[in-house]
Amino acid sequence: MTTLRLDTINKFYGALHILRDIDLDIREGEFISLLGPSGCGKTTTLRCIAGFETVTKGRLLFGSRDMTHAMPEHRDLGMVFQSYALFPHMTVAENLSFGLEVRKVSPVDRTRRIAAVLEMVKLTGYEKRYPRELSGGQQQRVALARALVIEPSVLLLDEPLANLDASLRDDMRFFIRDLQQRVGITTIYVTHDQSEAMVMSDRIVVMNHGVIEQCGPPRDIYEHPASQMVAGFIGQSNTLAGRILGREKDVYVIDTPEGQLKSLGRDGLKGEVRVMIRPENIETAAAENTLSGRVVKSTYLGGGCLVAVETPGGCRFTTNMPADSALAAGDAVTLGFAARKAWAFAA
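Residues numbered from 1 in each chain as written. Predicted model: local features only at pLDDT ≥ 70, side-chain atom pairs only at ≥ 80, totals over all residues. Heavy atoms only, no water.

### Here we look at the side chain of Asn 10
So, step 1. Assignment of secondary structure puts Asn 10 in strand E1 (residues 2–13).
So, step 2. Polar contacts involving the side chain of Asn 10 include one to the main-chain carbonyl oxygen of Thr 8, which spans 3.2 Å.
So, step 3. Looking at Asn 10, its side chain comes within polar contact range of the side chain of Asp 21, at 2.8 Å.
So, step 4. Apart from the residues within four sequence positions on either side, Asn 10 is in contact with His 17, Leu 19, Arg 20, Asp 21, Val 55, Thr 56 and Lys 57. (Helix = DSSP H or I, 4+ residues; strand = E, 2+ residues; numbered from the N terminus. Polar contact = N/O pair within 3.5 Å; in protein donor to acceptor, adjacent residues only side chain to side chain. Contact = heavy atoms within 4.5 Å.)

Right, dumping it as structure tokens:
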């Protein structure tokens, strides 16, 4: 069952074309992350779903219902904002009760639902505290509880961890994902943090300049990017230009400035391509593909070294090496990587 469908959504601000033909089906109970750089359209997409922005062209379907022009309060959504937007003059219980009162939920039912959701977010006993008496992580959980207590069909989160320090942000990623799986609620999460999206999502929607560059599970997005933008935005990558020469079974043979290389890629690739190799997939051992060069820089990272190598053709590659690596600037080195650890996509 599809909970949400974005059908050719377009958004204009005057002459500015912000969203361009956004097509996306979101399944019931799925955790979807909208990921991309600032200005890519991810927050505008979320606000169109919430009803805070009007859709210029296209349709927004909740199940079989066309909700394109419905008011936000009629969309059965819960939303968590980056600022949390808690009422400072209300206690935790009063913040949670507000949405239920607007929906005319009985006092008995309100008490029951508030107690249940506070237990869910591990804040039982905090009912009488004010937001100023809570830590950042506790305020974040109150904001989640307030969104969940109204029992929405879809939960929307707009960069909710941006204001937390790094260690607390890591903890909250797992807390939100675990909570979402226990509740089973369809969730759409906006972030510019690739690690958040990788840890939390069933599928990642990578956006750029108002279009969807790629949509898929985290592993597929990371290992099989559809474009240079995705390869560069998700993790570290090495890419070089090439041209398809042919195919040997499921492996492409590609002519590059560094010689012929073999790589995986989607069916139907022709002509100009880019070949991507992740740093962790490059070794100094013999392999199907080899590249020669000299070390430009070796950076110690605690758990290992990040080594930059420049080839005679002027291409630069980075590779992960053990922390005790003896490679230093100026050293000659041969890099190797397996064909199945490389990925080609259309240039």
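Next comes the rest of the account.
### Details of the environment of Pro 257
So, step 1. Following the sequence through the fold, Pro 257 ends up in the loop between strand E12 (251–256) and strand E13 (259–265).
So, step 2. Under the relative-accessibility criterion, Pro 257 is labelled exposed at 59%.
So, step 3. Each C-alpha atom of the pair Pro 257 and Ser 153 lies 53 Å from the other, and the pair is 104 residues apart in sequence. (Buried < 20%, exposed > 50% of the residue type's maximum accessible area, 1.4 Å probe, protein only.)

### With respect to unusual backbone geometry
So, step 1. Of note in this structure, Asp 21 is not a glycine but carries a positive phi near 50°.
So, step 2. Notably, Glu 159 is not glycine yet its phi reads approximately 45°, a positive angle.
So, step 3. Following the sequence through the fold, Glu 159 ends up in the loop between strand E7 (154–158) and helix H5 (166–183).

### Notes on the packing of helix H2 (residues 92–102) against helix H4 (residues 136–149)
So, step 1. One way to put it is that H2 packs onto H4 with a least axis distance of 8 Å and a crossing angle of 25°. Between H2 and H4, the interaxial angle falls into the category roughly parallel. Two packed elements cross with a definite hand, and for H2 against H4 that hand is right-handed. Note on element contacts: H4 touches H2 through Val 142, Ala 145, Arg 146 and Val 149, opposite Val 92, Asn 95, Leu 96 and Leu 100. (Axes fitted to C-alpha atoms, helices over the stretch in contact; angles between N-to-C directions. Parallel < 35°, antiparallel > 145°, perpendicular 65-115°, else oblique. Left-handed = near helix turned anticlockwise from the far one by under 90°.)

### Comments concerning the pattern of salt bridges
Two side chains bearing opposite charge may form a pair once their charged atoms approach each other closely.
So, step 1. As enumerated under the stated definition, the model contains 19 salt bridges in all.
So, step 2. Of the charged contacts in the structure, one is a salt bridge between Asp 267 and Arg 247, with a shortest N-O distance of 3.0 Å. Here Asp 267 is found in the loop between E13 and strand E14 (272–277), whereas its partner Arg 247 is found in strand E11 (residues 238–248), with 20 residues between them in sequence.
So, step 3. Of the residues examined, Asp 267 reaches a relative accessible area of 65% and is grouped as exposed.
So, step 4. In this structure, Arg 340 and Asp 250 form a salt bridge, with 3.0 Å as the shortest nitrogen-oxygen distance. Of this pair, Arg 340 sits in the loop between strand E18 (332–337) and strand E19 (342–346) while Asp 250 sits in the loop between E11 and E12, placing them 90 residues apart in sequence.
So, step 5. Using a relative accessible area of 52% as the deciding quantity, one classes Arg 340 as exposed.
So, step 6. With relative accessibility at 32%, the residue Asp 250 sits in the partly exposed group.
So, step 7. A network of salt bridges, in which partner residues are shared, links Lys 11, Arg 47 and Glu 53. (Salt bridge = Lys/Arg side-chain N within 4 Å of Asp/Glu carboxyl O.)

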